[in-house]
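Observations on the model geometry
Take a look at the letters that make up each chain.
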Amino acid sequence: MFLVIFSAGIGVLNMAKKAISRMCGSNESFEGNQFWLIDKDGLITKERKDIDPAAAPFACGYGSEEVKGLKEGASLLEVVKKVKPHVLLGLSGVGGIFNKEVLRAMKHSDSCRPAIFAMSNPTKNAECTPKDAFKYAGENIIFASGSPFENVDLGNGKVGYVNQANNMYLFPGIGLGALLSGAKHISDGMLQAAAECLASYITDEDIKKGVIFPSISRHITIQVGAAVVHAAVADDLAEGHGDVDIKQLSHMSKEEIMEYVARNMWYPIYSPLVHD
């Protein structure tokens, strides 16, 4: 799996690397480079002077997975053509930087379902529009954006689905889980547990259609909150909340944690202001 990512997203990149390692059942670092990092000066390599320490672990120039012919400062188009990435992730804040040449190059990705994520906000800063992505990169892509866009009509009854990668899916569950666990610090493990819980609600049929997020529901928020509580306990960060102390939390089953979360959710029930 390859990612081309802009340097504003170092934190995202670190989380992606940890997630892939965990999914592969290994906590070891990758052998070779699976990520290509690009900033305003082009591809970041070990030859970069005054390299950001946070970016240094991802700088090209080592490992068995390196791609020959890519030099310091190589352009986005050069990197996409050479690497043939599975995922093109934009966190640049530069509108339109995924131009038609870059999108056309993504047609030659090593993945049969390449993903293009234009994450920058607001809409004018999105790296590309979904219309251009499906037009130039092909109908088989998976598209997500940080800004809201309409689905794309591909003709013949086909739809190019636009996934808005928004924090509305996770923040309620993360906040509630952190509160009810009593954790004073939200760990990477808690965030990863929340993300994996959300992803578990996506079916193979959804993915075939290009849909990568489930419909928003209270049930999923409860599940995400419970996953966060469980992760907080596992990471020794939980201290308990209210009448529920850490000892009780640590002995709760998965079902009991879910019930605990559901019981403490806020329900928007209002008294009527106008009476007949």
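Everything numeric in this text was worked out from a predicted model, so none of it was measured.

**Things to note about the UniProt feature "binding site: (S)-malate" (unreviewed entry) in the protein chain**
- In the UniProt entry, the feature "binding site: (S)-malate" (unreviewed entry) is given for Asn-121 and Asn-166. The annotated residues occupy 46 residues of the chain but converge on a single region, no pair of C-alpha atoms lying more than 10.9 Å apart. Within the annotated group, the residues that form the lining of the largest pocket are Asn-121 and Asn-166.
- With respect to the element layout, Asn-121 can be found in the loop between strand E5 (115-118) and helix H4 (130-137).

**As for the environment of Ile-202**
- As for its position among the elements, Ile-202 is in the loop between helix H6 (188-199) and helix H7 (204-209).
- Owing to a relative accessible area of 14%, Ile-202 belongs among the buried residues under this scheme.
- Each C-alpha atom, one on Ile-202 and one on His-241, is 31 Å from the other, the two residues being 39 residues apart in sequence.
- Setting aside residues no more than four positions away along its own chain, Ile-202 makes contact with Ile-207, Val-211, Ile-212, Phe-213 and Pro-214.

**Describing the side chain of Ser-109**
- Structurally, Ser-109 can be placed in the loop between helix H3 (100-105) and E5.
- Using a relative accessible area of 11% as the deciding quantity, one classes Ser-109 as buried.
- Only 2.7 Å separates the side chain of Ser-109 from the backbone oxygen of Pro-85, close enough to count as a polar contact.
- Not counting residues up to four positions away in its chain, the partners in contact with Ser-109 are Lys-84, Pro-85, His-86 and Pro-114.

**Observations regarding H4**
- All of the buried residues in H4 are Pro-130, Ala-133, Phe-134, Tyr-136 and Ala-137.
- Looking at the buried side of H4, the elements it contacts are H3, E5, strand E6 (142-145), strand E7 (152-155), strand E8 (158-160) and strand E9 (162-164).
- Just downstream of H4 lies Gly-138, where phi reads positive at about 110 degrees.

**Re the layout of surface pockets**
- Roughly 1,900 Å³ of volume is contained in the largest pocket.
- Every residue lining the largest pocket is counted, 38 residues in all, and those nearest its centre are Val-12, Ala-16, Phe-117, Ala-195 and Phe-213.
- The set of elements that each furnish at least two residues to the lining of the largest pocket consists of helix H1 (10-23), strand E4 (87-90), E5, E6, helix H5 (171-181) and H6.
- In terms of residue class, the lining of the largest pocket is built from 30 nonpolar, six polar and two charged.

Cut-offs used in this document
Residues numbered from 1 in each chain as written. Predicted model: local features only at pLDDT ≥ 70, side-chain atom pairs only at ≥ 80, totals over all residues. Heavy atoms only, no water. UniProt positions renumbered as here; feature names shortened; annotations may be inferred. 1 Å grid on protein atoms, 1.4 Å probe; cavity = no way out; pocket = protein on both sides within 12 Å on 5 of 7 lines; lining within 4 Å. Helix = DSSP H or I, 4+ residues; strand = E, 2+ residues; numbered from the N terminus. Buried < 20%, exposed > 50% of the residue type's maximum accessible area, 1.4 Å probe, protein only. Contact = heavy atoms within 4.5 Å. Polar contact = N/O pair within 3.5 Å; in protein donor to acceptor, adjacent residues only side chain to side chain. Points joined across faces, edges and corners; volume = space filled by probe spheres on them. Nonpolar A, V, L, I, M, F, W, Y, C, P; charged D, E, K, R; others polar.

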